[in-house]
Amino acid sequence: MENSESIVGGGVPLSVETAADPSRVRMGPPPTSAGRRLAVHPAPAARLLPVARLLLVARLLPVARLLPVARRALVVRPAPVVRPALVARPALVARLPPVARPGLQAPPGRATLRCGVGPGSSAAPQPPHAASASNGRASSSTGPPTGSANFRFGSEQHGGDGVPRPVNDEFILPPDDVAQHPSLGPMSSDPFHFRPTIHAVPATEALLNSTGLTFGAVLSPFAEKPDEEVPTVQQTRAGIVRCRRCRSYVHPFVQWLDHGRKWRCSVCHLVNDCPEAFRGRVDERGRRVDAAERTELSCGSVEYVAPKEYMMRAPQPPTYVFVIDVSATSAASSIPEVVASTLSNSLEDIYEDERALVAFITYDSKLHFYGLDSAFMQPRMMVVSEFADGVELPAPTPRMLVRASEARENIEHLLEGFPTMFEDNQDSGAALGPALQAAFSMVGHVGGKVLVVAAGRPSVGAGAVKARDERKAIGTAKESALLTPADNFYKLLAVDAAPLHVSFDLFMLAQRPSELSTVSSLSRHTGGKVFFYPNFSLSKDGQRVSADLSAMITRPTGWEAVMRIRCSRGLKITGFHGHYFARSSDLLALPNVDAASTFGVTIAIEDSALEGARSKFSYATMQAALLYTASNGERRIRVHTLALPIVAELPAVYQAADAPCMAALLLKMATLKAESSTIEDARSAMLNKMDDIVKSFKSLSKSAGGSGQLVLPASLRLLPYYTLAGLKNRALRVEGAGSVDGRSFALTRARTLPVHYLLHTIAPRLFRVQPGPVNPQLSKLPLTLSLTAASLGSDHVMLLDTMSALWLWVGRDTPGPVIRAVFGMDSLASVESTQLRLQPLDNDLSAHVFAMISLIRSQRDEYMPVYIVKQDGRYHASFCSFLVEDRSSSVMAYPEYLQALAKKK
Amino acid sequence: MEWSVLLWILMVVMAAVLLFIMVFFIIELSDLASDFVSPVECCRKLSPIILPEYFAQLTMTVLMLITLNFTAFIINAPLAAYHVYSYQTKSYWLDPTDIFPKIDEKRRVFFIKLGFYLILFFYYLYCMIMSLISD
Ligand SMILES: [Zn+2]
């Protein structure tokens, strides 16, 4: 059958020109590329034999013995503490050059994606066919050193116990030398978009299994990399060049044959004829000489403007339907007011867009529709209270789904009246199900985004759910049953909506248990987002709701999107994690996609196919193609191609491992287990995985490590840390689990967040504000501290960044002048911490605190409220639950855990 | 005896129908695995047949018990127990959002059931012939 995006996006398959023409020969100077990556030269010390590099390990002396020694060393001598790891390999850690990260150094202006082809670049591609058989060896002997540069031991700033911890890294990217194999270079997709858990493909399943590692990838196809844009391919007469059989897009890693007249697809290995307009000279190494001039031959991530064939219908206009709960519960907590004021501000952009469509539905135990037709002077409200046998929309005039630009006055009028209209609403029913059905039938023919603001559990009509008793189930094996939907109504609605490009974003502003696990399946199967505000109150959450809602309206969105991931022979996708609807085994329907949309992919290795593939290619490719409609109506295809060398030797597998990405994928996999089995099973799966990895490495490297030493490849040093942090996260922890809704939301977050978001959520960043240097013009965040109670002094002021909020922690003995400078009062003793507000004051310390807060906020696209916690106050315990390195009643402390791992046989 | 012949004929027909249902299920799942049908379509086709299949098999089991055909009852019992369990836990429901990871598992179950119905079919056929002869 026709295996292409045209299944959805266009009916006409592309044909590849078959006429054989003399190839045009391009002459000229060797191409250079302005945007190419800085070369990273491994230090001489790093060029060790593979075996020696395998032994580059994180050694840990028994921590009990080490701790007092380290402390004493710090107190007695100001000299740097001698760390076991440094003793083991002083040269390596000490002499590694700083790794250049062009993307993160924020050059002025927007550069295009790194395109590194040409002489002088470290990324000169190897001729694909020349490197085939010996690649395993080649990559392990000439490959980059293990990424110890990025896994720095932070002993000085971390209390001197020599335990590996993440440093203050905004994006937690893999080290460049791990992420970008020298033979492939930056032509492969960026970890920002497409990040594998191992930056190489083990040649056999047995090889992978012997390491205990998990192979897969985390993919954010629409992510926006700071200061970089995905380059757009210049159209030629050749059109979009794709493989005739598997329909994959031409990319930098295809093989050029027959002097450029033919190319071999790296996914299915078919030899395709090259369209005449796309031909170019091929040098003796099999490379296209003109690669640098052709974006699609030099960049791993490119974008095409799709021609007519990719459209089954006219591109969809941006369409928003607001479904708002206005029941008594909702009105009592001023939800209509918050929503109306947010919309009045954030619809500004939408009024500008001539194509954008908008509709409003409100509900209590009845449905209210609003005729906003510009032909009428005023918005008209229509009430529907009969929906026992399905919802029927009121008469077609006045129209309810209107062009925002034309009906602006009516919309503004409606929003103005909104807060007062339902002020005294006594109706406490919530007919969410019928409201959603109505919204779906309103936009089903267009597609679009349904933004649902609910104030609690649906209780009337189709989709009403009874509250399930959760008191006895929390923290037990029965909790998982409550995490699965009580009613399939929402799932089935989602299944109907996803193919018609309708997605649901859910804002649950709940004061009571709200059956989030049932209702959120709406978003889960339509590529939507879930926002949850437990114990909603206007003062606590108003600003955040407003910011989140407005972000969902204004952020760049890809409409009616579908994504297909094609893997080269020998790799098979076994599962997806995230919010999507799978329309076939490799095609995901994502009615809406935005920068935060993230998918975990698990991949299996099929030995015989991969063996066959190695005879033609020394690397395996994965290509994710996202077909979407931009808000301006342009149909576009974003193609991310990831090429990974196929390696046959263990050291090469280990050194390419990407611990942060693997931790994120393992956590995503655990969320599935938490729902389908039990929380306990999900926890033990994480722990067992870590045990396996440690045991495998121990048995593979027999010489390294005796008793009491944890031996791990340098690349995996942080995996135990993230495993432990994951177990202590709200999603998987046993004690203090809170409500089922809270758990369900935490699982949703774990399933949908990008790697660095997720890891910063489970292991927040802790900064010390005071005592310390005060700099009102702070431009760089200070170093993070270890997440343990020992980092908190009773006279300290600390700042914790948990991704969704900032916690300002104030010790009980904080000096008066500090309190006065930050809070403007003499003492906090008499004030409840919920009453405290942080106001900018006219002094350096206050400016310093605000500079830190705005620096952190600038790194996030979610609004982060600031919570103030007093050491003796009631939120101190919640604050302490973020200190993941400390012991909890069910999980060991981090040093203990490392010790326990070291003892595993 | 007239009625026992009728009973066995009914049983043979039922087993044959169940056999065909299993073959249909397996073909549909293979189509799904090779992307010939969409998951929604596949679930829409299969879902209405699952419970009737369970019901037919349970009827067979009960009929065997009340007609005191203990051998046939014992052959039927394990599958009947599985069907009751799967009905109670609602695991029979084909979830279009979660069918891809489960294709192999479901297909294995259907193959086992196919073998099972095949055995039943031949056993019923044997019983039918025996009762015809004794008639
Ligand atoms: Zn192909």
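All of these numbers come straight from a predicted model, not from anything done at the bench.

1. Brief notes about the packing of helix H3 (residues 70-88) of chain B against helix H4 (residues 103-134) of chain B
Residues and elements named next belong to chain B. Here H3 crosses H4 at 160°, and the two axes come no closer than 11 Å. For the element pair H3 / H4, the angle class is roughly antiparallel. The crossing of H3 and H4 is left-handed. Only Val109, Lys113, Phe116, Tyr117, Leu120, Tyr123 and Tyr124 of H4 make contact with H3, whose side of the interface consists of Thr71, Ala72, Ile75, Asn76, Leu79, Tyr82 and His83.

2. Details of the sheet that holds strand S2 (residues 194-196) of chain A
Residues and elements named next belong to chain A. Taken together, four strands build an open sheet; the order of strands is S2-S4-S22-S19 and the sheet is antiparallel. One side of each edge strand has no neighbouring strand; the edge strands of this open sheet are S2 and strand S19 (571-577). Sheet twist, expressed as the average angle between the axes of neighbouring strands with direction ignored, equals 25°. As paired elements, S2 and strand S4 (residues 216-219) share three bridges and run antiparallel to each other. If you follow Pro196 over to S4, its bridge partner there is Ala217.

3. Remarks on the interface of chain B and chain A
Listed per partner, the contact involves 12 residues of chain B and 12 residues of chain A. Where chain B abuts chain A, roughly 1,000 Å² becomes buried across the two surfaces, and 68% of that area is made up of carbon and sulfur atoms. Among the residues chain B hides against chain A, the three largest losses belong to Asp35, Trp93 and Thr97 of chain B. Together they make up 48% of the total. With its nearest N and O atoms 2.3 Å apart, the salt bridge here joins Asp95 of chain B to Lys491 of chain A. Its residues assigned to classes, the side of chain B that touches chain A comprises seven nonpolar, three polar and two charged.

4. Overview of the coordination of the zinc ion
All names here are of chain A. At 2.2 to 2.3 Å from the zinc ion lie its protein donor atoms, namely Cys243 (SG), Cys246 (SG), Cys265 (SG) and Cys268 (SG). Sequence spacing of the donor residues for the zinc ion, all on one chain, is C-x2-C-x18-C-x2-C. You can call Cys268 buried: its relative accessible area is 9%.

5. Observations regarding the domain arrangement of chain A
Residue and element names in this part refer to chain A. By the assigned domains, chain A splits into domain 1 (326-466 + 495-555) and domain 2 (764-880). For domain 1 versus domain 2, the separation of C-alpha centres amounts to 37 Å. Taken together, the contacts link seven residues of domain 1 with six residues of domain 2. Summing the contributions of domain 1 and of domain 2, the shared interface buries around 570 Å²; its carbon and sulfur component is 47%. Our enumeration of links across domain 1 and domain 2 arrives at zero salt bridges.

6. Some points on the pattern of salt bridges
Residue and element names in this part refer to chain A. A full pass over the atoms with the stated rule returns 41 salt bridges over all chains. Close ionic contact of Asp801 with Arg860 constitutes a salt bridge, the shortest N to O distance being 2.8 Å. Of the two residues, Asp801 is situated in strand S26 (residues 797-801) and Arg860 in the loop between helix H27 (844-858) and strand S28 (866-870); the sequence distance between them amounts to 59 residues. Among the salt bridges present, the one from Asp826 reaches Arg820, with a minimum N-O distance of 2.6 Å. Here Arg820 falls in the partly exposed class, since its relative accessible area comes to 42%. Taken together, the salt bridges that share partners define one network made up of Asp258, Arg261, Lys262 and Asp273.

7. Focus on the UniProt feature "transmembrane region" (unreviewed entry) in chain B
Those residues carrying the UniProt feature "transmembrane region" (unreviewed entry) are residues 7-27, 54-75 and 110-133 of chain B in this numbering. The span residues 110-133 of chain B carries 100% helix and 0% strand; its end-to-end C-alpha distance comes to 34 Å.

The rules behind each value
Residues numbered from 1 in each chain as written. Chains lettered and ligands numbered in written order. Predicted model: local features only at pLDDT ≥ 70, side-chain atom pairs only at ≥ 80, totals over all residues. Heavy atoms only, no water. Axes fitted to C-alpha atoms, helices over the stretch in contact; angles between N-to-C directions. Helix = DSSP H or I, 4+ residues; strand = E, 2+ residues; numbered from the N terminus. Parallel < 35°, antiparallel > 145°, perpendicular 65-115°, else oblique. Left-handed = near helix turned anticlockwise from the far one by under 90°. Contact = heavy atoms within 4.5 Å. Pairing = 2+ DSSP bridges. Buried area = accessible area lost by both parts, 1.4 Å probe. Salt bridge = Lys/Arg side-chain N within 4 Å of Asp/Glu carboxyl O. Nonpolar A, V, L, I, M, F, W, Y, C, P; charged D, E, K, R; others polar. Donors = N, O, S within 2.8 Å, 3.2 Å for Na, K, Ca; no water. Buried < 20%, exposed > 50% of the residue type's maximum accessible area, 1.4 Å probe, protein only. Domains from an automatic or database assignment. UniProt positions renumbered as here; feature names shortened; annotations may be inferred.

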